[in-house]
Amino acid sequence: MKIGIALMEKNIEKDINQTFARAPYFAIYNSDNKEVVYFDNAAKDASGGAGVKAAQFFVDNNVDAIIAYRLGENAVQVLTKSNIKLFAPREELTAINNINLLIDNELNTLVDIHSGYHHG
Amino acid sequence: MGIITVNKMKKIAVLSGKGGSGKTFVSTNLSNVIHSSTYLDCDVEEPNGYIFFENNKLIANNTVYREIPTFDEEKCVGCRKCVDFCKFSALAFIGNKPLLFDEVCHSCGGCELVCEYGAIKNKKVDIGNIEIYEKGDKKIVSGKMKIGEASAVNLISEVLDQARGTTIVDCPPGSACSTMEAIKGAEFCILVTEPTIFSLHNIQMIVELVELFNIPYGFVLNKSDESIDYIIEDYINSIDKPLLAKIPFSKDIATQTANGKLVSDNDPIARDIFVSLADDLERKGILK
Ligand code: SF4
Ligand code: SF4
């Protein structure tokens, strides 16, 4: 299973970023080989739909699940239409610990969805 | 032999850091004391400036549209060109098909051009309307955005097309895209603020914006109160910009404005303030 997260630093021992689409980095963790790949988030400075762009990134990388504190409506639409499952992390845990909980089926489904921030 | 008359247009944008600072108050009263002026209300989420011009006559009401793409599933081969082209990330690509997020779409028309399969056609959607009023020698234009429409930019640009002669533009509050659109082409900006710390912070963001656009500007201090004016005055002095007018805090002005009246018609002191503001702008070469 491939799991996507947003990060403040390129380090999954640290916390998941509080925001998603405009986070500095993304990471994709592959539970089959326990490998993690880091990416600079190209959607961070998007002039329009950062949520759409960020979500599209994970769709294109065939992730199965996203762990995020909160997501915008547009991102949710792109992700769910692509059958990507959305989970809420536990605040006190690091990214990798949250990933391990998800693999053990211990994370709740994400409910915090905001109506998005428009460009203007 | 004919005489060529050049109708010189002068656009003055009136801005404030937040709603309720007196932006509409200043723009309507300033228009009111300028001969044959045009007042453009670009505060399209809450346009209420026209109310102050009593006994105005509605002469036109035009619906404004913008174009968004629609996709013909039969013709679309899923090449993804349109999605990769869209600089605004208004298109997602799901299950080999483009999906539009219309409130993100800037109606640039680009995707229709890049599709080599004729699968994209633009369609018009209604985004609001523009009401044009007349009162004496004044023209009053009010842009009203349709509820649920996310971007005010297209509508504002159409309101600006109504400029004629000396034009006062009542801008949306704040410093977002819609405000940037509204100050386009302005020769001068009037920044309306109140003497509070909170307003100081807000107006500094507006200063950054007009500096970015390189438009000359000055300030009008509304609800002026000698004991606290220094909050704003010290700042204005520090950046070496003109304080164009001070409007004293007065119950009378507040009551008249709350009742939809123009103080420049009803209060001689207020009228003097606006007339000298207009004179000052004229001396600076901004009017005429
Ligand atoms: S460019 Fe045209 S054919 Fe290609 S995905 Fe977009 S709509 Fe479909
Ligand atoms: S019209 Fe422009 S902004 Fe809208 S979807 Fe097409 S390319 Fe993107």
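By convention here, each chain's residues receive numbers from 1 onward along its written sequence. Written order decides the labels, with chains lettered from A and ligands numbered from 1. Two thresholds apply to this predicted model, a pLDDT of at least 70 for residue-level local features and 80 or more for giving and counting side-chain atom pairs, whereas whole-chain, interface and lining totals are computed over all residues. Side-chain descriptors were evaluated using all non-hydrogen atoms of the structure, hydrogens and water having been removed beforehand.

Draft legend 1. View of the overall build of chain B. Strands here are runs of E lasting at least two residues and helices are runs of H or I lasting at least four, both read from the DSSP assignment and numbered beginning at the N terminus. A count of helices and strands for chain B gives ten helices and eleven strands. Projecting the C-alpha coordinates of chain B onto the three principal axes gives extents of approximately 70 × 50 × 40 Å. Relative to its full complement of 288 residues, chain B shows a buried share of 51%. When contacts within chain B are restricted to residue pairs at least 6 apart in sequence, long-range pairs at least 24 apart make up 73% of them. Here chain B displays about 13700 Å² of accessible surface, and carbon together with sulfur accounts for 52% of that area. Counting rule applied: Lys, Arg positive; Asp, Glu negative; His and chain ends not counted. In this description, the location of a charge corresponds to atom NZ of lysine, CZ of arginine, CG of aspartate or CD of glutamate. Distance from the positive charge centre (31 side chains) to the negative charge centre (40 side chains) of chain B: 4 Å. Whether a residue is buried, partly exposed or exposed follows from its accessible area with a 1.4 Å probe, protein chains only, as a fraction of its type maximum: under 20%, in between, or over 50%, in that order. What makes two residues a contact is simply this: any of their non-hydrogen atoms within 4.5 Å. Only the protein chains shown count as cover for residues, and all accessible areas are computed by the Shrake-Rupley method using a 1.4 Å probe.

Draft legend 2. Quick look at the nonpolar core. Buried residues of nine kinds, namely Ala, Val, Leu, Ile, Met, Phe, Trp, Tyr and Cys, make up a nonpolar core once their side-chain atoms join them within 4.5 Å. Of all hydrophobic cores here, the largest spans 42 residues; its most connected members are Phe20, Phe58, Ile66, Leu71, Val78, Leu79 and Leu86 of chain A. Counting residues per element, the ones that place at least two in this core are β2 (25-30), α1 (50-60) and α2 (73-81) of chain A together with α2 (81-85) and β4 (91-94) of chain B. The dominant element in this core, judged by the number of residues it contributes, is α1 of chain A, at six residues. If we skip the residues at most four places from it in the chain, Val78 of chain A touches Val52, Ala55, Gln56 and Val59 of chain A together with Ala92, Ile94 and Phe101 of chain B. With 38 residues, the next largest nonpolar core counts Met145, Ala152, Cys189 and Tyr235 of chain B among its residues.

Draft legend 3. Highlighting the site of ligand 1. Phe71, Cys76, Val77, Gly78, Cys79, Arg80, Lys81, Cys82, Cys115, Tyr117, Ala119 and Ile120 of chain B make up every residue found near ligand 1. Residues are grouped as follows: Ala, Val, Leu, Ile, Met, Phe, Trp, Tyr, Cys and Pro are nonpolar; Asp, Glu, Lys and Arg are charged; every other residue, Gly included, is polar. Within the shell around ligand 1, the residues separate by chemical class into nine nonpolar, one polar and two charged. The cutoff for a nearby residue is simple: one of its non-hydrogen atoms must lie within 4 Å of the molecule or strand.

Draft legend 4. Seen up close, helix α1 (residues 23-33) of chain B. α1 of chain B sits mainly inside the fold: eleven of its eleven residues count as buried. Those residues of α1 of chain B that fall on the buried side of the exposure criterion are Lys23, Thr24, Phe25, Val26, Ser27, Thr28, Asn29, Leu30, Ser31, Asn32 and Val33 of chain B.

Draft legend 5. Layout of the environment of Glu208 of chain B. Along the polypeptide, Glu208 of chain B turns up in helix α6 (residues 197-213). For the pair formed by Glu208 of chain B and Asp126 of chain B, sequence separation is 82 residues and the distance between their alpha carbons is 33 Å.

Draft legend 6. Layout of the sheet that holds strand β11 (residues 243-248) of chain B. All names here are of chain B. Strands qualify as paired when DSSP identifies two bridges or more between them. In spatial order, the strands read β3-β6-β7-β2-β8-β1-β9-β10-β11; together these nine strands make up an open sheet with mixed pairing. Strands at the two margins of the open sheet, each flanked by one partner only, are β3 (57-71) and β11. Sheet twist, expressed as the average angle between the axes of neighbouring strands with direction ignored, equals 20 degrees. Under this scheme, a helix contributes an axis fitted over its contacting stretch, all axes are lines through C-alpha atoms, and angles between N-to-C directions fall in the 0 to 180 degree range. Against the sheet, helix α7 (residues 230-238) touches β9 (188-193), β10 (217-224) and β11, its axis set at about 170 degrees to β10.

Draft legend 7. Representation of the interface of chain B and chain A. At the junction of the two partners, chain B supplies 18 residues and chain A supplies 17 residues. Here the quantity called buried area is the accessible surface, traced with a 1.4 Å probe, that two parts lose on coming together, added over both. Around 1400 Å² of area is buried between chain B and chain A when both sides are counted, 56% of it from carbon and sulfur atoms. In terms of surface lost to chain A, no three residues of chain B exceed Ser89, Ile94 and Phe101 of chain B, which account for 35% of the buried area on that side. In the sections that follow, a salt bridge refers to a side-chain nitrogen of Lys or Arg positioned within 4 Å of a carboxyl oxygen of Asp or Glu. Taken together, the links from chain B to chain A amount to one salt bridge. Asp60 of chain A is paired through a salt bridge with Arg80 of chain B; the nearest N and O atoms lie 2.7 Å apart. For the side of chain B that touches chain A, the secondary-structure elements that each account for two or more residues are β4 and α5 (177-182) of chain B. The element that contributes the greatest number of residues to the side of chain B that touches chain A is β4 of chain B, accounting for four residues. Residue composition of the side of chain B that touches chain A, grouped by class: eleven nonpolar, four polar and three charged.

Draft legend 8. α6 of chain B, seen in detail. Residue and element names in this part refer to chain B. Multiply 1.5 Å by the residue count of a helix minus one, and that product is the helix's expected span. Here α6 is 17 residues long and its end C-alpha atoms lie 25 Å apart, about the 24 Å a rise of 1.5 Å per residue gives. All of the buried residues along α6 are Ser199, Leu200, Asn202, Ile203, Ile206, Val207, Leu209 and Val210. Turning to α6, the residues buried within the fold contact β1 (10-16), α5, β9, β10 and α7. Downstream of α6 by a residue or two, Asn214 has a phi angle that is positive, lying close to 60 degrees.

Draft legend 9. Main features of the pairing of β11 of chain B. All names here are of chain B. The pairing of β10 with β11 spans five bridges and is parallel. Residue pairing for β11: Asn222 is matched across the bridge by Ile247. Considered for its hand, the β-α-β crossover made up of β10, α7 and β11 is right-handed. If the strands point away from the viewer and the path from the first strand over the helix to the second runs clockwise, then the crossover is right-handed.

Draft legend 10. View of the sheet that holds strand β3 (residues 35-40) of chain A. Residues and elements named next belong to chain A. Overall, mixed pairing links the six strands, which are arranged β3-β2-β1-β4-β6-β7 in an open sheet. Either end of the sheet is taken by a strand with one partner, and the two such strands are β3 and β7 (108-109). Here strand β1 (residues 2-7) runs beside β2; their pairing, made up of six bridges, is antiparallel. Bridge pairing in β2 links Ile3 to Tyr29. Seen against the sheet, helix α3 (residues 95-103) touches β1, β2, β4 (65-67) and β6 (85-88) and runs at an angle of roughly 150 degrees to β1.

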